[in-house]
Every structure is written in structure tokens, then in C-alpha cells.
Amino acid sequence: MSRADGWPGLERRYGLPQRDVRGLEHELAYRALARGDIDVTDLYSTDPEIERYHLEILRDDLHFFPDYSAILLARAGLPARVRRALDLLDGKIDTTAMERMNAQVALDGRSADAVAHDFVSRLAGSSSPAPSPSRLSLFWQYTMQQLLLSGVSLAAAVLIALPLGILSARRPGLARIVLGGAGIIQTVPSLALLVFMIPVLGIGFAPAVLALFLYSLLPIIRNTCSGLLALPTPIRESAIALGLPAWARLRLVELPLATRSILAGIKIAAVINIGTATLGALIGAGGYGQPILTGIRLNDFGLILEGAVPAALLALLVQGLFDGVERLLLPRPDAE
């Protein structure tokens, strides 16, 4: 929408009068066209949706858009055998071949891995069958990735946020700085925070874990601080009168009485963490976000549910586990 070779340049070249022009995810634009929600959108000439929705392609007779060709970029240290394998693709994927492969995925329901495997096998003169991982194995893989993302980031957040919450309860000045900083992090959009991590940590597991860790801090710090500050003054004074040092008062009196509030903060952080972890797929971290993104790109509602439903169930399961731990560790409020 702001690039010179995007809408601004197109508007100038053709003298277009439209003013209500908006950006839209490419895969969603075709459905919007089919429903009549929009009138015109940009496209890729190899998109199978052109045939599916019987769309009319407008000719770029003023030649605003350049011809785009795909090229392969590889690290200098890539093994020679891998480079030779990639050389098989040089000049072999024309518009027709790519459109045909895209159609097999989007219209025929085949996996992208299988279609690519068959294409490369034909180039190499091989007829080996395409690998076909089962839905169960993929589900297990996504589940392990999701649990690893959420588990590592939440554990790190607990280790850091609990001491910060305790210090914040002891020092009001520090509390304003810590809670303010954690609150500012919480207001940063999830996708933006993930993108901010890429220049520092690259893509994949590490930036996703760091982003989830930062998002988990505020609920734990705030609930720990609030739980400690909410303790009745007579209890504090009784502990001091007994001659308990500060560390013993914290360990034996204050933290046990604030456990309910602390567990609530960790539970909130865990549920938020699991939901946000699905965005990790955008930067190659995997998890339940992978089938969701693939389903959006392929217009496959079933694939979207394969990621969305397990993520929701996992969040409910984690919440139930924390409720169970709370019942085991703490007496009911009305118990004598």
C-alpha cells in the first residue's frame, strides 16, 4: 500500500480515481472478490483461484508491473550435493508448471510436500513415491512444538517475574518502573513483537520463546505484587513480633498466604501464552499455528480447525490443571 511499485505507483500510472483502497491478506482477497465485497485486487498469474472463481484478468497495457522471476539463493557453504540438486530446478519451473502445482494443492487437496516431491522426482527421472505423513503424526508434531514454546517461555517468565513481583511489593518506586515496563510490552501487538525479534535472534524457536516470555511477565508480576501487598497488617506485625527475619517471613508467612493470587497470575499468563504461541508459526516456530496458516492460504476450513480447536482445548486443559493445583495446595475460602 505504500511501496513505490505498489498502489501509489499504480495509481499515478493509470490515473486511478479510487480512494477507498485497503490492504488485505492475499489469500482472503479472492474470497472477497467471489462474495462481491471488493471489485478489484492484485493477483499472481500462477494462482489457481483464477480458474476456481472464473476471474477476469485485467491486462497491464501500460506495463507498470515488471516481470517477476523466482531465483534460488543459497549460503556459500552449502554442500555441493545440495547445490547440484537445486541446479535441477534451474529454468524448469515456468508459469504453467507452477500454476499446475498450485492447483493440485489448492483445488485437488494434495499436500504441498507431495506435489513438490513428484515434480522434482520427474525432473530427476525417478518414480519414488511421495512421503505422506499421517494426520496423527503431524498433530503430535504440532502439539510437541506448541508445548515446548509455551512451556519454556512460561517457566522462564515464572523464574524472572516472581522475584520482580516480590521486589515490587517491597519497593513502591521499583514497582512503578517494573509494572510500567511490563505493561508497555503487553500493549505491543503480538505480530509486531515477533518481527522485532527477528533481527536479533533470526527466525524459528528462539524469537518466538522470547516474545512469549515477555508477554507472560505482566500477569505474574502484578499478581505477585498485589498478593503480597494485600496481606493483612496484623499478620505482618505478628511475624515481626515472633522475631522472624525478613527472608523467613517471606518464605513461611507471606508467600504461602499470597499463593492464591500468584497462581492466578501464572494461570492467566499460561492461557495467554498458549493462544499467542499460535502466531509463532508466522516466523517458522511451528505449533498449532502451522495448520491455521496453511488453512487460510488454501481456503481450507478443516485445516484451520485442526489448529484452532486443539489450541483452545489445550488452554482449557492448562486452566483446569492450575485450578486442580490450587485446590490441592489451598483450602477453600469457606473451609474452617
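From a predicted model like this one, the values you see are computed outputs, not experimental measurements.

**Q** Any details on the overall build of the protein? Residues and values, ideally.
**A** Secondary structure summary: the protein contains 15 helices and zero strands in total. Relative to its length of 336 residues, the protein is extended, with a C-alpha radius of gyration of 27 Å against a globular reference of 20 Å. Overall size of the protein, expressed as C-alpha extent along the three principal axes, is 85 × 55 × 45 Å. Looking at the protein as a whole, 34% of its 336 residues are labelled buried. Intrachain contacts of the protein at a sequence separation of at least 6 include 64% that bridge at least 24 residues. Surface exposure of the protein reaches about 21,000 Å², of which carbon and sulfur atoms provide 63%. Across the protein, the centroid of the 30 positively charged side chains sits 11 Å from that of the 30 negatively charged ones.

**Q** Run through the confidence of the model for the protein, naming residues and quoting values.
**A** On average, residues of the protein score 85 in pLDDT, and 96% of them reach the 70 mark or higher. For the protein, per-element mean pLDDT is lowest for helix H11 (residues 233-241), which scores 75, and highest for helix H1 (residues 7-14), which scores 92.

**Q** I'd like a description of the nonpolar core, backed by residues and values.
**A** Core analysis: the largest hydrophobic core is formed by 43 residues, its most contacted members being Leu217 and Ile220. Secondary structure elements with two or more residues in this core: helix H7 (135-170), helix H8 (172-187), helix H9 (190-201), helix H10 (205-229), helix H13 (259-277) and helix H15 (301-329). When residues no more than four places from it in sequence are discounted, the contact partners of isoleucine 220 are Leu154, Ala157, Val158, Ala161, Leu162, Gly265, Ile266 and Ala269. Judged by nonpolar contacts, the second largest core, of five residues, contains Ala97, Val105, Val115 and Phe119.

**Q** So, helix H14 (residues 289-298): which residues are in play, and what are the values?
**A** By the burial criterion, the buried members of H14 are Gly289, Pro291, Ile292, Leu293 and Gly295. Taken together, the buried residues of H14 touch H7 and H15. Backbone geometry just after H14 places asparagine 299 at a positive phi near 60 degrees.

**Q** Mind laying out the packing of helix H5 (residues 95-106) against helix H6 (residues 112-123), listing which residues take part and the relevant values?
**A** Relative to each other, H5 and H6 sit at 145 degrees, their axes nearing to 9 Å. As H5 runs across H6, the sense of the crossing is right-handed. Along its contact with H5, which presents Ala97, Met101, Gln104 and Val105, the element H6 presents Ala112, Val115 and Phe119. Considering only residue class, the contact of H5 with H6 consists of six nonpolar, one polar and no charged.

**Q** Describe the packing of aromatic side chains, with residues and values.
**A** Overall, the coordinates contain two aromatic pairs when judged by the stated rule. Taking 4.9 Å as the distance between ring centres and 75 degrees as the angle between the ring planes, the aromatic pair formed by phenylalanine 64 and phenylalanine 65 counts as edge-to-face. The buried category is assigned to phenylalanine 64, whose relative accessible area is 13%. Between the aromatic rings of phenylalanine 139 and tyrosine 288, the centroid separation amounts to 6.2 Å while the plane-to-plane angle is 25 degrees, which identifies the pairing as stacked. Pair noted here: phenylalanine 139 is in helix H7 and tyrosine 288 is in the loop between H13 and H14, with a separation of 149 residues, a long-range link.

**Q** Requested: an account of the pattern of salt bridges, with residues and values cited.
**A** Evaluation of the coordinates by the stated rule reveals seven salt bridges. Here arginine 260 makes a salt bridge to glutamate 326, at a shortest N to O gap of 3.0 Å. Linking arginine 260 in helix H13 with glutamate 326 in helix H15, this pair joins segments that are 66 residues apart in sequence.

**Q** Provide a residue-level description of the environment of glutamate 99, including the pertinent values.
**A** Relative to the elements of secondary structure, glutamate 99 occurs in helix H5. Spatially, the C-alpha atom of glutamate 99 lies 15 Å from that of tyrosine 53, the residues being 46 residues apart in sequence. Here glutamate 99 is in contact with Ser45 and Thr46, once residues within four sequence places are set aside.

**Q** So what's going on with the environment of leucine 10? Residues and values would help.
**A** Checked against the element boundaries, leucine 10 lands in helix H1. In contact with leucine 10, not counting residues within four places along its chain, are Gly15, Leu16, Phe64 and Phe65.

**Q** Describe the packing of H8 against H10, listing the residues and the values that go with them.
**A** Two numbers describe how H8 lies on H10: the axes approach to 8 Å, and their chain directions differ by 140 degrees. With respect to each other, H8 and H10 are oriented oblique. Crossing handedness for the pair H8 and H10: left-handed. Judged by residue contacts, Val178, Leu179, Ala182, Gly183, Ile185 and Gln186 of H8 engage Leu214, Tyr215, Leu218, Ile221 and Arg222 from H10. Here the contact of H8 with H10 is built from residues that sort into eight nonpolar, two polar and one charged.

**Q** Report on a nonpolar patch on the surface, specifying residues and quantitative values.
**A** Taken together, Phe301, Leu305, Val309, Leu313 and Leu316 make up a surface patch of nonpolar side chains, about 500 Å² in accessible area. In this structure, leucine 316 sits in helix H15.

**Q** Kindly report on the environment of cysteine 225, identifying the contributing residues and their values.
**A** By the secondary structure assignment, cysteine 225 is in helix H10. A relative accessible area of 4% places cysteine 225 in the buried class. Cysteine 225 sits 46 residues away from leucine 179 along the chain, and the two C-alpha atoms are 9.5 Å apart. For cysteine 225, the contacting residues outside a window of four places in its chain are Gly165, Ser168 and Ala169.

Calculation notes
- Residues numbered from 1 in each chain as written.
- Predicted model: local features only at pLDDT ≥ 70, side-chain atom pairs only at ≥ 80, totals over all residues.
- Heavy atoms only, no water.
- Helix = DSSP H or I, 4+ residues; strand = E, 2+ residues; numbered from the N terminus.
- Rg over C-alpha atoms; globule rule 2.2 N^0.38 Å.
- Buried < 20%, exposed > 50% of the residue type's maximum accessible area, 1.4 Å probe, protein only.
- Contact = heavy atoms within 4.5 Å.
- Areas by Shrake-Rupley, 256 points an atom, 1.4 Å probe, with all protein chains shown as cover.
- Lys, Arg positive; Asp, Glu negative; His and termini not counted.
- Charge placed at Lys NZ, Arg CZ, Asp CG, Glu CD.
- pLDDT = per-residue confidence, 0-100.
- Core = buried A, V, L, I, M, F, W, Y, C linked by side-chain atoms within 4.5 Å.
- Axes fitted to C-alpha atoms, helices over the stretch in contact; angles between N-to-C directions.
- Left-handed = near helix turned anticlockwise from the far one by under 90°.
- Nonpolar A, V, L, I, M, F, W, Y, C, P; charged D, E, K, R; others polar.
- Phe/Tyr/Trp six-rings, centres within 6.5 Å; stacked < 30°, edge-to-face > 60°.
- Salt bridge = Lys/Arg side-chain N within 4 Å of Asp/Glu carboxyl O.
- Parallel < 35°, antiparallel > 145°, perpendicular 65-115°, else oblique.
- Patch = residues over 30% accessible without salt bridge, like charges linked within 9 Å, V, L, I, M, F, W, Y side chains within 5 Å.

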